[in-house]
Amino acid sequence: TTPTASAFPAEFREEKISQNILYFGTDGMKILFQSCVCIVGGVGSHAAHILARLGIRNPRFINFTQVNLSSLNRHAYAALEDITTIKVMSIKQFVEKVVGEGCVINAR
């Protein structure tokens, strides 16, 4: 199995966001880490994907539908094995793999 982001040593996690720190600065990254962002339906998976990689640690996902064949082409994270999975649970699992430790995900 592939290790989660939290399984890597702290210096690896820090290196992963090192370019973000250069752009936003340490104080800016602290603000991002503490920010809560609500992502609602539509093509929110793309926003969720980018925000997770940026450093948002408190995302809230809202979407009441399931992944299906006709929606796979619009998702940044879903694959065939995700069909019939509630979309917010699928993106939650994806973001946990990307961000790992310290991320509090609220999926509704």
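Here's what I pulled together on the structure shown here.

1. Regarding the side chain of Asp82
On the secondary structure map, Asp82 appears in the loop between β2 (58-62) and α4 (87-99). The side chain of Asp82 is buried and forms no salt bridge, while Lys97, the nearest opposite charge, is found at 7.3 Å. Engagement of the side chain of Asp82 in a polar contact is seen with the side chain of Ser90, the distance being 3.5 Å.

2. Describing unusual backbone geometry
Trans is the common state for peptide bonds, and a negative phi is the common state for residues other than glycine. Positive phi, normally seen in glycine, also occurs at Thr84, with a value near 80 degrees. Inspection of the secondary structure puts Thr84 in the loop between β2 and α4.

3. Focus on empty space enclosed by the protein
One water molecule sets the probe size; rolling that probe over the atoms shows where empty space is left. Tallied over the full model, the rule gives 2 cavities of 30 Å³ or more. In this model, the largest cavity occupies a volume close to 130 Å³. What lines the largest cavity is a set of 15 residues, among which Gly44, Ser45, Asn63, Tyr77 and Ile91 lie closest to the centre. For the lining of the largest cavity, the secondary structure elements donating two or more residues are α3 (44-54), β2 and α4. Residue classes in the lining of the largest cavity are distributed as 8 nonpolar, 6 polar and 1 charged. Taken as a whole, the second largest cavity holds about 40 Å³ of empty space.

Parameters at a glance
- Residues numbered from 1 in each chain as written.
- Predicted model: local features only at pLDDT ≥ 70, side-chain atom pairs only at ≥ 80, totals over all residues.
- Heavy atoms only, no water.
- Helix = DSSP H or I, 4+ residues; strand = E, 2+ residues; numbered from the N terminus.
- Buried < 20%, exposed > 50% of the residue type's maximum accessible area, 1.4 Å probe, protein only.
- Lys, Arg positive; Asp, Glu negative; His and termini not counted.
- Salt bridge = Lys/Arg side-chain N within 4 Å of Asp/Glu carboxyl O.
- Polar contact = N/O pair within 3.5 Å; in protein donor to acceptor, adjacent residues only side chain to side chain.
- 1 Å grid on protein atoms, 1.4 Å probe; cavity = no way out; pocket = protein on both sides within 12 Å on 5 of 7 lines; lining within 4 Å.
- Points joined across faces, edges and corners; volume = space filled by probe spheres on them.
- Nonpolar A, V, L, I, M, F, W, Y, C, P; charged D, E, K, R; others polar.

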